[in-house]
Amino acid sequence: QVKWKGKDLFDLVCRTLGLRETWFFGLQYTIKDTVAWLKMDKKVLDHDVPTEEPKTFHFLAKFYPENAEEELVQEITQHLFFLQVKKQILDEKIFCPPEASVLLASYAVQAKYGDYDPNVHKRGFLAQEELLPKRVINLYQMTPEMWEERITAWYAEHRGRARDEAEMEYLKIAQDLEMYGVNYFAIRNKKGTELLLGVDALGLHIYDPDNRLTPKISFPWNEIRNISYSDKEFTIKPLDKKIDVFKFNSSKLRVNKLILQLCIGNHDLFMRRRKADSLEVQQMKAQAREEKARKQMERQCLAREKQMREEAERTRDELERRLMQLKEEATMANEALMRSEETADLLAEKAQITEEEAKLLAQKAAEAEQEMQRIKATAIRTEEEKRLMEQKVLEAEMLALKMAEESERRAKEADQLKQDLQEARESERRAKQKLLEITSKSSYTQSMNSSTTALPTDLPSFNLISESLSFDFKDTDMKRLSMEIEKEKVEYMERSKHLQEQLNELKTEIEALKLKERETALDILHNENSSRGNSKHNTIKKVS
């Protein structure tokens with residue numbers, strides 16, 4: 001509405017988003033190539049906003065936390081920071097080394113796609129995703145498939161992390177990048193030397209224009225007594241009066257106003273972090289813990305149901321496999337039974353034939369015996385006839401002996417065939433019995449299969465701003481704050497040691513594919529800092 005102040009519009013946006021941690025955010029607009037923020041106590045249309053319609057404001061994080069995990073309470077706050085920091089890294093407004101870019105990309109994929117499933121997330125599923133800065137892609141002789149393979153390898157390790165957990169891991173890594181949360185302004189010192197002023201959650205930092213990673217000198221918030229400006233001249237007065245006052249000039253008065261706004265806001269948040277939480281923040285943290293516990297229970301319930309479903313599916317698959325095996329065994333038993341029946345029939349037929357042959361031979365032997373007796377009875381008395389008769393008798397006896405032997409052999413063969421027939425019938429009886437057993441097992445298996453695979457169908461689907469020219473920082477316990485800051489930094493360095501080992505491993509792996517001639521000035525500076533063992537926090541400590 002025409003009469004709305006900046007706070008009215010800002011509150012409307014926050015209510016629409018359901019955002020309560022409003023102190024991190026603001027509405028940004030651009031005027032004459034300079035960034036400006038909407039003032040809460042001033043009418044929207046009284047601002048020096050562009051005249052074209054519609055008037056555009058960007059809802060963005062204006063101040064950054066020192067420790068995202070401890071300070072960002074609401075899930076919506078974490079998500080908005082994740083989106084903004086991710087865009088700044090991809091747009092190369094925040095320098096990110098290649099190995100950290102791959103790790104951050106893997107957490108971004110986990111936040112978007114959930115747990116890795118090789119059956120769903122097949123080769124090429126990240127082809128359309130923008131996950132790495134173009135500077136990183138151009139720096140190595142690697143195909144998109146090779147980058148995807150390395151991102152997926154880390155993505156698979158994040159199994160079990162919910163979207164908010166993956167986004168928080170992303171922010172915990174990103175907040176250690178040297179350019180994270182720093183607002184840069186072009187300035188000149190008293191000698192006219194061009195420098196850069198950086199304003200962030202930790203303090204004020206002075207940089208060379210060509211090196212935005214490593215500050216030349218830093219002023220932590222707890223060591224600054226006063227900040228003021230007059231026209232284009234800006235003055236920083238340290239808490240220690242023995243240290244010289246630092247003065248510089250900016251290009252525009254509007255820039256000095258913006259710098260003072262950021263200084264006041266960051267200092268206020270710096271002091272708030274070191275005091276007991278307000279009642280509102282305590283309530284938000286309590287609600288966040290309850291919500292987190294509720295979601296954790298839901299995830300555990302979902303995991304149990306998913307596990308039960310997987311176990312039921314595995315049981316079903318095992319029963320189906322067993323059923324197929326029993327069917328194959330039944331088929332083989334049927335074939336064996338048929339072969340046994342055929343063999344039994346052949347043996348029975350052969351035994352019958354042999355038995356008939358034995359009877360025939362026995363009959364012939366009897367006839368030969370009768371013939372021999374008849375010849376003996378009717379033998380002539382002459383020697384010749386007697387000799388001939390004896391010869392015939394001898395031949396008849398030999399023939400009878402042979403027939404008797406053949407009859408005996410045939411009888412033995414018949415007995416053997418009878419025994420084989422009996423064994424074949426016994427084999428047939430056993431085969432029928434086994435087939436009967438398999439048939440009964442198959443019926444039982446099918447009933448078990450139908451009862452086990454009946455899965456439940458009702459499972460849930462898862463998937464400070466001031467117009468004044470001066471601002472004094474009054475805190476009687478600045479030295480105590482300094483000690484607390486040092487202690488926090490040491491603890492944080494210990495926590496990040498394991499992460500650094502992971503990043504170094506990937507850096508070593510892809511180093512051979514790097515194109516040295518494509519390295520940017522920031523790449524070279526980052527490598528020099530890494531070789532010296534310098535990090536964001538110990539560098540600021542050295543130059544403070």
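Fair warning: this is a prediction, and the values are worked out from it, not measured in the lab.

1. Description of the pattern of salt bridges
- Scanning the model with the defined rule gives 23 salt bridges in all.
- The salt bridge partner of Arg273 is Glu71, with a shortest N-O separation of 2.5 Å. Highlighted residues: Arg273 in helix H8 (residues 253–273) and Glu71 in helix H2 (residues 68–71), separated in sequence by 202 residues.
- Residue classification places Arg273 among the partly exposed residues on the basis of a relative accessible area of 22%.
- Judged by its relative accessible area of 17%, Glu71 falls in the buried class.
- The residue Lys295 makes a salt bridge to Glu75 at a minimum N-O spacing of 2.3 Å. Residue Lys295 is located in helix H9 (residues 279–377), and its partner Glu75 is located in helix H3 (residues 75–90); the two are separated by 220 residues in the primary sequence.
- Relative accessible area serves as the criterion here: at 27%, Glu75 is assigned to the partly exposed category.
- One network of salt bridges, in which partners are shared, links Glu66, Glu71, Arg273 and Arg274.

2. Some details on the packing of helix H4 (residues 98–113) against helix H6 (residues 144–157)
- In the contact formed by H4 and H6, the axes pass within 8 Å of each other and the chain directions differ by 65°. Taken as a pair, H4 and H6 cross one another with a handedness that is right-handed. Counted together, Glu99, Val102, Leu103, Ala105, Ser106, Val109, Gln110 and Tyr113 of H4 and Trp147, Arg150, Ile151, Trp154 and Tyr155 of H6 form the full contact between these two elements.
- Class assignment for the residues of the contact of H4 with H6 results in nine nonpolar, two polar and two charged.

3. Describing the packing of aromatic side chains
- Evaluated as defined, the whole model comprises 18 aromatic pairs.
- Ring plane angle 80° and centroid distance 5.8 Å describe the contact between Tyr29 and Phe57, whose orientation is recorded as edge-to-face. Separated by 28 residues along the polypeptide, Tyr29 in strand E1 (residues 25–31) and Phe57 in the loop between strand E2 (34–37) and strand E3 (58–61) bring together distant segments of the chain. Each member of the pair Tyr29 and Phe57 is classed as buried.
- For the ring pair Phe219 and Phe246, a centre distance of 5.8 Å and an interplane angle of 45° mean the geometry is tilted. Here Phe219 is found in strand E7 (residues 217–220), whereas its partner Phe246 is found in strand E10 (residues 246–250), with 27 residues between them in sequence. Summarising the burial analysis for this pair, Phe219 and Phe246 share the class buried.

4. A short note on H4
- Spanning 16 residues, H4 covers 22 Å between terminal C-alpha atoms, matching the ideal 22 Å at 1.5 Å per step.
- Summarising burial for H4: 14 of the 16 residues are buried, a large majority.
- Positive backbone phi, approximately 80°, marks Gly114, located one or two places after H4.

5. Regarding the nonpolar core
- By size, the foremost hydrophobic cluster in this structure holds 92 residues, and its most contacted members are Val85, Ile89 and Leu204.
- Here the element with the most residues in this core is H8; it accounts for ten residues.
- Of the residues that make up this core, three or more belong to each of domain 1 (6–175) and domain 2 (183–275 + 517–543).
- The residues contacting Val85, other than those within four sequence positions of it, are Tyr64, Ile94, Tyr170, Leu171, Ala174 and Tyr180.

6. A short note on the UniProt feature "binding site: a 1,2-diacyl-sn-glycero-3-phospho-(1D-myo-inositol)" (unreviewed entry) in the protein chain
- Per the UniProt record, "binding site: a 1,2-diacyl-sn-glycero-3-phospho-(1D-myo-inositol)" (unreviewed entry) is found at Lys39, Met40, Asp41, Lys42 and Lys257.
- Counting through the fold element by element, Asp41 comes out in the loop between E2 and E3.
- Within the secondary structure layout, Lys42 lies in the loop between E2 and E3.
- Apart from the residues lying within four places of it in its own chain, the contact partners of Lys42 are Lys5, Gly6 and His47.

7. Let's talk about unusual backbone geometry
- Non-glycine residue Glu92 carries a positive phi angle of around 60°.
- In this structure, Glu92 sits in the loop between H3 and H4.
- A positive phi angle, close to 60°, is found at Asp231, a residue other than glycine.
- Examined against the element boundaries, Asp231 turns out to sit in the loop between strand E8 (224–230) and strand E9 (233–238).

8. Brief notes about the pairing of E9
- Sheet analysis places E8 next to E9, joined by six bridges and oriented antiparallel. Bridge assignment links Asn226 to a residue of E9, and that residue is Lys237.
- Connecting the antiparallel pair E8 and E9 is a turn made up of two residues, with Asp231 showing a positive phi of about 60°.
- Relative to E10, E9 is paired through four bridges, and the arrangement is antiparallel. By the bridge assignment, Thr235 is partnered in E10 with Lys247.

Scoring rules and cut-offs
Residues numbered from 1 in each chain as written. Predicted model: local features only at pLDDT ≥ 70, side-chain atom pairs only at ≥ 80, totals over all residues. Heavy atoms only, no water. Salt bridge = Lys/Arg side-chain N within 4 Å of Asp/Glu carboxyl O. Helix = DSSP H or I, 4+ residues; strand = E, 2+ residues; numbered from the N terminus. Buried < 20%, exposed > 50% of the residue type's maximum accessible area, 1.4 Å probe, protein only. Axes fitted to C-alpha atoms, helices over the stretch in contact; angles between N-to-C directions. Left-handed = near helix turned anticlockwise from the far one by under 90°. Contact = heavy atoms within 4.5 Å. Nonpolar A, V, L, I, M, F, W, Y, C, P; charged D, E, K, R; others polar. Phe/Tyr/Trp six-rings, centres within 6.5 Å; stacked < 30°, edge-to-face > 60°. Expected span 1.5 Å × (residues − 1). Core = buried A, V, L, I, M, F, W, Y, C linked by side-chain atoms within 4.5 Å. Domains from an automatic or database assignment. UniProt positions renumbered as here; feature names shortened; annotations may be inferred. Pairing = 2+ DSSP bridges.

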